[in-house]
Amino acid sequence: MSDTEIPARLAEIREDFLALEQRDRLQLLLEFSNELPELPERYKDHPDLFERVIECQTPVYIFVEIDADNGVHLYATAPRESPTTRGFASILAQGLDGLAVDEVLAVADDYPQSIGLTEAVSPLRIRGMSALLARTKRQLRERRGA
Amino acid sequence: MSVDLDPSDKFSAYAHPERLVSTDWLQQRLGTPGLVVVESDEDVLLYETGHIPGAVKIDWHTDLNDPVQRDFIGSEAFAGVAGSKGIARDSTVVIYGDKNNWWAAYALWVFTLFGHEDVRLLDGGRDKWIAEGLPITTDPTTVTPLEYPVIPRNDAPIRALKEDVLAHFGNPLIDVRSPEEYSGARSSMPAYPDEGALRGGHIPSAASVPWARAAAPDATFRSREELDAIYKDEAGLTEGDKVIAYCRVGERSSHTWFVLTHLLGFEGVRNYDGSWVEWGNAVRVPIVVGSEPGAAPAPR
């Protein structure tokens, strides 16, 4: 994977994880989980906009917004009882926030495998994060094509 | 050193009441010598957000699966995991977890592969404990590691491999996945990644009994009477049946394995942990698509 495809914030997040021992990586993921932003008021009553990520065994829903300046914002909602999934969503929501559509589409699909969580969390669970990224990109393509 | 049993009336109706404890029972015995409380969740971080005081965590994926061979951990590794959690061969192990004890039942099943004698589930699991306002802490548990002996893993009595399923045709199979997975509808949704299997459907002749039907809304197991109605009257199991249960990768079906073995008293129940991820991809094995079980092929 070429680093040129990784936006600065996502690259920072990766460095932060890789600098830690396995056990501490789980703690950092937990911090991300606690930081998953609440949905903005304007989306709170619009479950229809949100797409369920079925690859995650827990109910997680995402909605990708493109603002007037072509900036991407990922909104996600997942229950408190699913901290790992919340952590994955939070990493992407923070790491992608404000990027241009083309920058998000250029993010390497294997970014989730590269942040040093495969061993701490298990490869199977990381697939949930890959699915979040893939669905985010698909929503962007659909929206741009529309 | 075994801790006393929970004498609750509800449990006494089950075939093996010694396999369950109630939240009341556990609350009164926290800290009892010889008792180790284990949390096992689907979510690898849930324990860190708060757990029963003194409980240790065993993760189904990072602790119980072999990282290289697609299999459960071997004898040495299990002895290492158990010992590092402060579990001795004669410890009373009480396992609890999220989602109706889904993963807790799986951990219990793996402990059974190694013949750990006194292993029980907390009826209602994590959800009931929290719903009742019982204590939860994020304080790390201090563990004194113990020596756990290296015990040969004995798969045959409770684990079925693909070949065992092929030889089992004519005997009852229980598919514990959702109705959509059973019929095959779920893996064929357009434009979505599938469940990791090439084909959707079920093993011929398998009855569909989604695993969570065995759980009440408060995450406890349903009563003996209710379970008899589901598995005997409805799914047609009769005493003396040898049953194989399966799901997608073998965890939901270990919950059903627990119900059939310990609550209803069926002997020789096996969990086919290869489950649909193996069967749905395997060469030259029959499947059935749709909501009917289909006829059992000749055993081979």
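These figures come from a predicted structure and were not determined experimentally. (Residues numbered from 1 in each chain as written. Chains lettered and ligands numbered in written order. Predicted model: local features only at pLDDT ≥ 70, side-chain atom pairs only at ≥ 80, totals over all residues. Heavy atoms only, no water.)

*Asks:* Sorry if this is basic, but what is going on with the overall build of chain B here?
*Replies:* A count of helices and strands for chain B gives 10 helices and 10 strands. Here the C-alpha radius of gyration of chain B, 19 Å, is about what a compact globule of 300 residues would show, namely 19 Å. Along the first, second and third principal axes, the C-alpha set of chain B runs to 50 × 45 × 40 Å. Put simply, chain B has 300 residues, and 57% of those count as buried. In chain B, of all internal contacts separated by at least 6 residues, the share reaching a separation of at least 24 is 77%. Only carbon and sulfur atoms are counted for the fraction: they give 53% of the accessible area of chain B, which is about 12100 Å². If you average the places of the 27 positive and of the 45 negative side-chain charges in chain B, the two averages end up 5 Å apart. (Helix = DSSP H or I, 4+ residues; strand = E, 2+ residues; numbered from the N terminus. Rg over C-alpha atoms; globule rule 2.2 N^0.38 Å. Buried < 20%, exposed > 50% of the residue type's maximum accessible area, 1.4 Å probe, protein only. Contact = heavy atoms within 4.5 Å. Areas by Shrake-Rupley, 256 points an atom, 1.4 Å probe, with all protein chains shown as cover. Lys, Arg positive; Asp, Glu negative; His and termini not counted. Charge placed at Lys NZ, Arg CZ, Asp CG, Glu CD.)

*Asks:* Can you walk me through the nonpolar core in this structure?
*Replies:* Soluble globular proteins: nonpolar side chains tend toward being buried together. Among the nonpolar cores identified, the biggest contains 57 residues, and I87, I95, L121 and Y231 of chain B are the most heavily contacted of them. Per-element tally for this core: the top contributor is helix α4 (residues 102-113) of chain B, with 11 residues. Judged by nonpolar contacts, the second largest core, of 43 residues, contains I6, L30, V104 and L105 of chain A. (Core = buried A, V, L, I, M, F, W, Y, C linked by side-chain atoms within 4.5 Å.)

*Asks:* Where do I start with the interface of chain A and chain B in this structure?
*Replies:* Frequently, the measure chosen for interface size is the accessible area that the parts lose on association. Each partner contributes residues to the interface: chain A has 23 residues there, and chain B has 19 residues. Interface of chain A and chain B: buried area, both sides summed, is about 1800 Å²; carbon and sulfur atoms make up 56% of it. Put simply, chain A and chain B have 1 salt bridge between them. In this structure, the connection of chain A to chain B is made through 4 residue pairs in polar contact (both at pLDDT 80 or more). (Buried area = accessible area lost by both parts, 1.4 Å probe. Salt bridge = Lys/Arg side-chain N within 4 Å of Asp/Glu carboxyl O. Polar contact = N/O pair within 3.5 Å; in protein donor to acceptor, adjacent residues only side chain to side chain.)

*Asks:* What is the right way to read the side chain of R252 of chain B from this model?
*Replies:* Within the fold, R252 of chain B resides in helix α9 (residues 252-263). Contact partners of R252 of chain B, with chain neighbours within four places excluded, come to W102, V176, R177, S178, E181, W211 and C247 of chain B.

*Asks:* What should I look at first to understand the pattern of salt bridges in this one?
*Replies:* Two side chains of opposite charge can pair, provided their charged atoms sit close to one another. Scanning all chains against the criterion turns up 28 salt bridges over all chains. E51 of chain A is the salt-bridge partner of R138 of chain A, the closest N and O atoms lying 3.0 Å from each other. You can see R138 of chain A sitting in helix α7 (residues 123-145) and its partner E51 of chain A sitting in strand β1 (residues 51-52), a full 87 residues away along the chain. The partner of D175 of chain B in a salt bridge is R177 of chain B, with the nearest N and O atoms 2.7 Å apart. Given the relative accessible area of 0%, D175 of chain B is considered buried. Each of the salt bridges in this network shares a partner with another, and the network as a whole consists of D71, R153, D155, R159 and D273 of chain B.

*Asks:* Is there a simple way to explain the sheet that holds strand β10 (residues 270-272) of chain B in this structure?
*Replies:* The strands that make up a sheet are held in pairs by hydrogen bonds between backbone atoms, and each pair lies either parallel or antiparallel. All names here are of chain B. Pairing within the open sheet is parallel, and its 5 strands lie in the order β6-β10-β9-β7-β8. Taken across any chain shown, the strands that pair with only one partner, and hence form the sheet edges, are β6 (159-160) and β8 (207-208). Where strand β7 (residues 173-175) and strand β9 (residues 244-246) come together, 3 bridges link them in parallel fashion. Following the sheet pairing, L173 is matched in β9 by I244. Along the sheet face, α9 touches β9 and β10 and points at about 170 degrees away from the line of β10. (Pairing = 2+ DSSP bridges. Axes fitted to C-alpha atoms, helices over the stretch in contact; angles between N-to-C directions.)

*Asks:* Even after reading the chapter, I still don't get the packing of helix α1 (residues 8-18) of chain A against helix α2 (residues 22-35) of chain A, so can you show me in this structure?
*Replies:* Working note: a packed helix pair is described by the angle between its axes plus the distance between those axes. All names here are of chain A. Where α1 meets α2, the axes come as close as 9 Å, and the angle between the chain directions of the two elements is 140 degrees. When the axes of α1 and α2 are compared, the pair comes out oblique. Within the contact between the two elements, α1 uses R9, I13, D16, F17 and L18 and α2 uses R25, L28, L29 and F32. When the residues that make up the contact of α1 with α2 are grouped by side-chain class, the tally is 6 nonpolar, no polar and 3 charged. (Parallel < 35°, antiparallel > 145°, perpendicular 65-115°, else oblique. Nonpolar A, V, L, I, M, F, W, Y, C, P; charged D, E, K, R; others polar.)

*Asks:* How do you make sense of the sheet that holds β1 of chain A when you look at a structure like this?
*Replies:* Residue and element names in this part refer to chain A. Ordered in space as β1-β2-β3, the 3 strands form an open sheet in which the pairing is antiparallel. Every other strand in the sheet has two partners, leaving β1 and β3 (72-77) as the edge strands with one partner each. Running at roughly 40 degrees to strand β2 (residues 61-66), α7 makes contact with β1, β2 and β3 of the sheet.

*Asks:* So what exactly am I meant to see when it comes to helix α8 (residues 224-234) of chain B here?
*Replies:* Side chains three or four residues apart in an α-helix point the same way, a direct result of the helix having 3.6 residues per turn. Listed as buried for α8 of chain B are L227, D228, I230 and Y231 of chain B. Once α8 of chain B finishes, G236 of chain B follows within two positions and takes phi at roughly 80 degrees, a positive value.

*Asks:* How do you make sense of unusual backbone geometry when you look at a structure like this?
*Replies:* Comment: phi is negative for the bulk of residues other than glycine, and the bulk of peptide bonds are trans. Residues and elements named next belong to chain B. The backbone of N101 shows a phi angle near 70 degrees, a positive value even though the residue is not glycine. Relative to the elements of secondary structure, N101 occurs in the loop between β4 (92-96) and α4. We classify N101 as buried; its relative accessible area is 0%.

*Asks:* Hey, could you run me through the packing of α8 of chain B against α9 of chain B in this one?
*Replies:* Residues and elements named next belong to chain B. It is at 12 Å that the axes of α8 and α9 come closest, and there the two elements cross at 115 degrees. Taken as a pair, α8 and α9 cross one another with a handedness that is left-handed. For the pair formed by α8 and α9, the contact residues are R224, L227 and Y231 on the first element and T256, V259, L260 and L263 on the second. Tallied by class, the residues present in the contact of α8 with α9 amount to 5 nonpolar, 1 polar and 1 charged. (Left-handed = near helix turned anticlockwise from the far one by under 90°.)

*Asks:* I keep staring at the environment of T256 of chain B and nothing clicks. Help me out?
*Replies:* All names here are of chain B. By secondary structure assignment, the location of T256 is in helix α9. Residue class for T256 comes out buried when judged on its relative accessible area of 1%. For T256 and D118, which are 138 residues apart along the polypeptide, the C-alpha to C-alpha distance reads 19 Å. Here T256 is in contact with V176, W211, Y231 and A245, once residues within four sequence places are set aside.

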